[in-house]
2 protein chains.
Amino acid sequence: MCDACTMNRVATTLGRRGVFAAAAAGATLLGLASRPAGAQIRATPISRVVDLTHTLRVDFPTFDGAPAFQMEQAMAFARDGYNVNKFTYFEHAGTHFDSPFHFSANGATVDRIPVESLVCPLVVIDVRQQAANAADYQLTPEDIARHEASHGRIPAGACVAMNSGWDARASGAGFRNLDGNVMRFPGFRPDTVPVLTERNVAGVAVDTLSLDHGPSSTFGFHTGWLGSGHWGIECVANLGALPPVGATLVAGAPKIAGATGGHGRVIALA
Amino acid sequence: MCDACTMNRVATTLGRRGVFAAAAAGATLLGLASRPAGAQIRATPISRVVDLTHTLRVDFPTFDGAPAFQMEQAMAFARDGYNVNKFTYFEHAGTHFDSPFHFSANGATVDRIPVESLVCPLVVIDVRQQAANAADYQLTPEDIARHEASHGRIPAGACVAMNSGWDARASGAGFRNLDGNVMRFPGFRPDTVPVLTERNVAGVAVDTLSLDHGPSSTFGFHTGWLGSGHWGIECVANLGALPPVGATLVAGAPKIAGATGGHGRVIALA
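Residues numbered from 1 in each chain as written. Chains lettered and ligands numbered in written order. Predicted model: local features only at pLDDT ≥ 70, side-chain atom pairs only at ≥ 80, totals over all residues.

Caption draft 1: Molecular detail of the overall build of chain A. Helices and strands together make up the secondary structure of chain A, namely six helices and 15 strands. Counting every position in chain A, which comprises 270 residues, the buried fraction comes to 59%. (Helix = DSSP H or I, 4+ residues; strand = E, 2+ residues; numbered from the N terminus. Buried ≥ 20, exposed ≤ 12 C-beta atoms within 10 Å, placed from the backbone.)

Put into C-alpha cells, the structure is as follows:
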C-alpha cells in the first residue's frame, strides 16, 4: 500500500478498529520487537536458499496502477567502457519494505530497523484456500490460532507471512484485481495486530500489494502495525516453497537514511 | 568504481594485465560460479548477525566526488496520513553491488545473478597493515596464499572480502583520500583474477569505493572479474567484526531487471 498518487488524508478516515489497534499496540511503539537476547538465531543446518523477491521491472504492478519505477541508461559499455543506469522511483515498488515511519510521525526509518530483527524465524500462514474463495480475504486471529494449533506458538521475533498464492499473479492485471474501482486482493485484518504484538512478532510479509486487503480505505493494519514500531514486506514471492515453520528469513531491507522503506532482497534459508 | 561522470572510454585504456586476466578467466564467462550442487550451505549454528552495510546518505562519498543519491519527500504523514519518498540515484551508491554487466557487453544483469551464489562462505583477507603502510595498496596473489596457509583453501562458491580497515573512513574525505587528482585507497590487484577464478570464487567485496585501487585508470580487476561472469560488492562495513573464515554471507543484491548493480543490504551470519 504505497504509491504516491493515492490515499491522501488516510489519517482523517481511519476506522475505529485501526485506531484501537494502534492504541493497543502502543506499548511497543518504536521498540521494534526482536528475539530474546542471547538466543541462538538458527540451530539447524541450512541446505536450501529460497528467493522471496520478485524481479522489479518498470511494468511491475503498483498499488495505484501508475508506474512507480524508472530506469535510464547513463553509461554504455560500447561507448564508455562500462554500463551504469540511473534509477528514479517511489520507495514502495516491487518486493519492498515498509518501515514504522511509513505510517507514523516519528517511527523508525528503514535504516534504523535493528539488523538483528531482520534475521528471524519465518512463519508462513497458508490462506490460499480462503483467498481462492474470496479474493479480498483478510487473514484473521482465527487463522493464526489454527496455524499455532498445528505448528506451535509463533516464536518471539518472528516474521509472519501471509501466503495467499497471489505471487503467481504478479506479472498481470490479476495482481491488483480491479473490480470496478475497488481492488480485490488479500491482506491482514487489523484485529490481528494485538495478537501478533502479544507474540512479540517483529515483522509481517504479504504476497500482495498491501498489508491491508485491497478494498481497505482506512489502512487499519498498516496504521496499527507500522504505527506501533513494527516492519512489513509487501509483494513477496515463493512462500509456497517453504514449510509453515522452520525457515529463517534474511530480510534485506535497504539501509537508506530517512527512508520509509524501499526495494530489497528477501531471502529465506531452509 | 562507478559514478556516471567519470571514467569514459575505459575500454580504450585497458592495460595489458586487465585484458590478460579477462581472457584467462573467459572460460567461466557468464557461468557465475557457485558452490557444488548438493553441498550444505551451512552446517553450524548461527548465533550472530553482522551488518556489513553502510547507511546510504545523500552525502555518502562517491567515486567521482559528485552526489550520486537524492531523496525527496512525496507524501507527508501530517498532511497525507503516511510518509513516502522518491529516490533518484545512479546504481552504484553507498554499499552496492556490481553485476557482470557493469563491465561487459553481455554479462548478467544484477537480477540474473543466481540467488544461490549470493548465500555463500565469506572469506575475509586482512590487509589492514599493508593499507596502513600504503594507502593505495593492492591485494596480491601472495596475500591470498598467506591467508590460505593459515586458514585453509578458499572454498568454491565463496565471497572473498578485502578488509583494509577503510570502512572507518566512510563518513569523511579520507574515504576517497585525494592526493592531488589521484585517489589513494586499496583494492584488488588485477592478477588476483585468475587465482580467484581457479578457486571457483563467486564474488568479491571491498571496504573501499572500488574493486580496483584508487589510482587505477584501467580498471583491470573490474574488467577481468566482472567481465568473466562474477559479481562484486563495494563499500562494505564491519569486516573487522568477522573471523577470517567461517561466516556465511547473505548478499542482498537488488533484483532489478536490466540493472548493472545497486544498493543492497549485505549481512553476515556468524
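Caption draft 2: Quick look at the relation of the copies chain B and chain A. The two copies are related by a screw motion: chain B maps onto chain A through a turn of 180 degrees and a shift of 0.0 Å along the axis, at an RMSD of 0.0 Å. Interpreted geometrically, this transformation is the action of a two-fold axis. Relative to the rotation axis, the closest C-alpha in chain B is found at Thr88(B), a distance of 2.2 Å. Of the interface residues in chain B, 100% have counterparts in chain A that sit at the interface too, so the contact is made through matching surfaces. (Least-squares fit on C-alpha atoms with pLDDT ≥ 70 in both. Contact = placed C-beta atoms within 7 Å.)

Caption draft 3: Layout of the sheet that holds strand β11 (residues 203–206) of chain B. Residue and element names in this part refer to chain B. In space, the nine strands of this open sheet follow the order β1-β15-β13-β5-β7-β11-β12-β4-β14, with mixed pairing throughout. Strands at the two margins of the open sheet, each flanked by one partner only, are β1 (49–51) and β14 (261–263). The mean inter-strand angle of the sheet, taken between neighbouring strand axes irrespective of direction, is 25 degrees. As paired strands, β11 and strand β12 (residues 231–234) are joined by three bridges and run parallel to one another. Bridged to Val 204 within β12 is Gly 232. (Pairing = 2+ DSSP bridges. Axes fitted to C-alpha atoms, helices over the stretch in contact; angles between N-to-C directions.)

Caption draft 4: Representation of the interface of chain B and chain A. If you look at the interface, chain B gives 63 residues, while chain A gives 63 residues. Counting only elements with at least two residues in the side of chain B that touches chain A, the list comes to β1, β2 (69–75), α2 (77–80), β3 (84–90), β13 (247–252) and β15 (265–269) of chain B. Here the element with the most residues in the side of chain B that touches chain A is β3(B); it accounts for seven residues. Taken together, the residues of the side of chain B that touches chain A break down into 34 nonpolar, 18 polar and eleven charged. By the bridge criterion, five bridges tie strand β3 (residues 84–90) of chain A to β3(B) in an arrangement that is antiparallel. Its bridge partner lying in β3(B), Tyr89(A) is registered against Phe87(B). (Nonpolar A, V, L, I, M, F, W, Y, C, P; charged D, E, K, R; others polar.)

Caption draft 5: Here's a closer look at unusual backbone geometry. Residues and elements named next belong to chain A. Unusually for a residue other than glycine, Phe 219 sits at a positive phi of about 55 degrees. Note that Phe 219 resides in the loop between β11 (203–206) and α6 (220–226). Unusually for a residue other than glycine, Asn 238 sits at a positive phi of about 65 degrees. Assignment of secondary structure puts Asn 238 in the loop between β12 (231–234) and β13 (247–252).

Caption draft 6: Here's a closer look at the sheet that holds strand β4 (residues 96–98) of chain A. All names here are of chain A. Spatially, nine strands are ordered β1-β15-β13-β5-β7-β11-β12-β4-β14 in an open sheet, and the strand pairing comes out mixed. On the outer flanks of this sheet lie β1 (49–51) and β14 (261–263), each paired with one strand and no other. Averaged over all neighbouring strand pairs, the angle between strand axes comes to 25 degrees, with direction disregarded. Summarising the sheet, strand β7 (residues 159–163) and β11 pair through four bridges and their orientation is parallel. Considered in β11, the bridge of Met 162 is made with Val 206.

Caption draft 7: Layout of the pairing of β7(A). Residues and elements named next belong to chain A. A large share of β7 lies buried, amounting to five of its five residues. Side chains of β7 alternate between two faces, with Cys 159, Ala 161 and Asn 163 and Val 160 and Met 162 buried alike. For strand β5 (residues 119–126) and β7, the ladder comprises five bridges, and the chain directions are parallel. By the bridge assignment for β7, Val 123 is matched with Val 160.

Caption draft 8: Up close: the confidence of the model for chain A. All names here are of chain A. Looking at chain A, the pLDDT average stands at 89 and 86% of residues meet or exceed 70. Every residue in residues 1–33 is under pLDDT 50, and counting partners more than four places away or in other chains gives 91 contacts. In the model output, the complex is listed with pTM 0.89 alongside ipTM 0.89. (pLDDT = per-residue confidence, 0-100.)

Caption draft 9: Structural context of the nonpolar core. One finds Ala161(A) and Ala161(B) to be the most contacted residues of the largest nonpolar core, which totals 155 residues. With sequence-adjacent residues up to four places away left out, Ala161(A) is seen in contact with Leu122(A), Val123(A), Val124(A), Ile125(A), Val204(A), Ala205(A), Val236(A) and Leu239(A). (Core = buried A, V, L, I, M, F, W, Y, C linked by C-beta atoms within 7 Å.)

Caption draft 10: Structural detail: helix α4 (residues 141–151) of chain A. All names here are of chain A. Turning to α4, its buried residues number three or more, namely Asp 143, Ile 144 and His 147. Projected onto a plane normal to the axis of α4, the buried residues spread over an arc of 100 degrees and lie on a single side. Exposed side of α4, more than 90 degrees from the buried face: Glu 142, Ala 145 and Ala 149 are the residues found there. (Arc of directions from axis to C-beta.)

Caption draft 11: Summary view of the environment of Val84(A). All names here are of chain A. Relative to the helices and strands, Val 84 resides in strand β3. For Val 84, a count of 23 C-beta atoms within 10 Å translates into the label buried. Taking C-alpha positions, Val 84 is 5.5 Å from Ala 74, a pair spaced ten residues apart along the chain.

Caption draft 12: Layout of helix α4 (residues 141–151) of chain B. Where α4(B) is buried, its residues meet β5 (119–126), β6 (138–139) and α5 (193–198) of chain B. Positive backbone phi, at 95 degrees, marks Gly152(B), one or two positions downstream of α4(B).

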